2 protein chains.
Amino acid sequence: MDRIPILKMGPFLLVTIQVDLYDRLALTLENDLISMVSKTGARGVLIDISAVSIVDSFMGRILGNIASMSRIMDAETVVVGMQPAVAITLVELGLTLQGVYTALDVEKGMELLQDKIGIFEDPEQEKEGPDDSDD
Amino acid sequence: MDRIPILKMGPFLLVTIQVDLYDRLALTLENDLISMVSKTGARGVLIDISAVSIVDSFMGRILGNIASMSRIMDAETVVVGMQPAVAITLVELGLTLQGVYTALDVEKGMELLQDKIGIFEDPEQEKEGPDDSDD
């Protein structure tokens, strides 16, 4: 396979990783994702790894890289669907995925992203504070 | 790979096909999809084939099967992201994907599904016809 498809869903991009991320494929994914964030103005990236059962330090580093790159481009990254065994392995490898948000499934990941983006998009709502109701 | 992951997104299920659908994988996908439709009460199935560049009559038949099975379970199927070459090959093979809805990308596919489901879910809206405004 040449590249992993990236699906645009509203303000988010969705990537489902179903195959082993060998070096070239991972680099292509990084490039494609950042290009898509730039082209579409996406505010969030969802990476589904529910089909990934074996993980190594390379995979952990790639996820961290994507999150860091996306953040510079003003998009948050959420990794969803991690299998319990993968979480165990990541921690045993000493990879705590710092800077990467995680959620149990795609729906929860989308809610998390909406919360994150909502915080940044609606700062004016805080001006209409709850003290108005005291009058 | 054992199985293709199926993502639940609201009332829809999303499947991204990134690998060749050999016999056993296709049967597993059919079974998994129908089980998920039954378990989650999903009203629509989105199948993204943007990563599929080579298609044969088997693949065409599988897509038709999934659509037929889903319809019996009260869910519509939309195939999205078809590459032009795949469309050409399908027609040359004599497979016109009857009963399968298609859309250009996931977003358009979701809109199509929402339209389809809206028609079935809101029949009462037609009772409040436009003739009310003539009074």
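- Per an unreviewed UniProt entry, chain A is named Anti-anti-sigma factor, and its organism is Pontibacter flavimaris.

1. Concerning the overall build of chain A
Phase 1: Secondary structure summary: chain A contains 4 helices and 5 strands in total.
Phase 2: Secondary structure elements of chain A, listed N to C terminal, follow the sequence β-β-α-β-α-β-α-β-α.
Phase 3: Per-residue burial over chain A gives 44% buried out of 135 residues.
Phase 4: Sequence separation of at least 24 residues holds for 72% of the intrachain contacts in chain A that already meet a minimum separation of 6.
Phase 5: Working note: accessible area of chain A is about 7,500 Å², and carbon and sulfur atoms make up 51% of it.

2. Section: helix H1 (residues 23-40) of chain B
Residues and elements named next belong to chain B.
Phase 1: Taking 1.5 Å per residue as the helical rise, H1 with its 18 residues ought to reach 26 Å, and the 26 Å between its terminal C-alpha atoms agrees with that figure.
Phase 2: Among the residues making up H1, those that are buried are Leu 25, Ala 26, Thr 28, Leu 29, Glu 30, Asp 32, Leu 33, Ile 34, Met 36 and Val 37.
Phase 3: Packing partners of the buried residues in H1 comprise strand S1 (6-9), strand S2 (12-16), strand S3 (44-48) and helix H2 (57-72).

3. Considerations on the UniProt feature "domain: STAS" (unreviewed entry) in chain A
Phase 1: Here, the residues flagged by UniProt with the feature "domain: STAS" (unreviewed entry) are residues 2-113 of chain A.
Phase 2: End C-alpha atoms of residues 2-113 of chain A are separated by 29 Å, and the span's content is 46% helix alongside 20% strand.

4. Quick notes on the relation of the copies chain A and chain B
Mapping between the two copies of the chain is achieved by a rotation about an axis and a shift along the axis.
Phase 1: Between chain A and chain B, which share one sequence, the superposing operator has a rotation angle of 180° and an axial displacement of 0.0 Å; the RMSD is 0.0 Å. Accordingly, the operation relating the two chain copies is best matched by a two-fold axis.

5. Remarks on the sheet that holds strand S4 (residues 76-80) of chain A
Residue and element names in this part refer to chain A.
Phase 1: Strand order in the open sheet formed by 5 strands is S1-S2-S3-S4-S5, and the pairing between neighbours is mixed. Of all strands in the sheet, those with a lone pairing partner are strand S1 (6-9) and strand S5 (101-103), marking the two edges. Each strand axis lies, on average, 25° off the axis of its neighbour in the sheet, ignoring direction.
Phase 2: Pairing analysis gives 5 bridges linking strand S2 (residues 12-16) to strand S3 (residues 44-48), with the strands arranged parallel. Across the sheet, Leu 13 pairs through a bridge with Val 45, a residue of S3.
Phase 3: Against the sheet, helix H1 (residues 23-40) touches S1, S2 and S3, its axis set at about 160° to S2.
Phase 4: On top of the sheet, helix H2 (residues 57-72) reaches S3, S4 and S5; it is set at about 150° to S4, its chief contact.

6. Quick word on the sheet that holds strand S5 (residues 101-103) of chain B
Sheet strands associate in pairs through backbone hydrogen bonding, adopting either a parallel or an antiparallel arrangement.
Residues and elements named next belong to chain B.
Phase 1: Ordered by their spatial adjacency, 5 strands build an open sheet running S1-S2-S3-S4-S5, and the pairing between neighbours is mixed. Whereas interior strands pair on both sides, the edge strands pair on one side only; in this sheet they are S1 and S5. Each neighbouring strand pair of the sheet contributes to a mean axis angle of 25°, computed without reference to strand direction.
Phase 2: Sheet analysis places strand S4 (residues 76-80) next to S5, joined by 3 bridges and oriented parallel. Its bridge partner lying in S5, Val 78 is registered against Tyr 101.
Phase 3: Its contacts with the sheet place H1 against S1, S2 and S3, and it is angled at close to 160° to S2.

Criteria and thresholds
Residues numbered from 1 in each chain as written. Chains lettered and ligands numbered in written order. Predicted model: local features only at pLDDT ≥ 70, side-chain atom pairs only at ≥ 80, totals over all residues. Heavy atoms only, no water. Helix = DSSP H or I, 4+ residues; strand = E, 2+ residues; numbered from the N terminus. Buried < 20%, exposed > 50% of the residue type's maximum accessible area, 1.4 Å probe, protein only. Contact = heavy atoms within 4.5 Å. Areas by Shrake-Rupley, 256 points an atom, 1.4 Å probe, with all protein chains shown as cover. Expected span 1.5 Å × (residues − 1). UniProt positions renumbered as here; feature names shortened; annotations may be inferred. Least-squares fit on C-alpha atoms with pLDDT ≥ 70 in both. Pairing = 2+ DSSP bridges. Axes fitted to C-alpha atoms, helices over the stretch in contact; angles between N-to-C directions.

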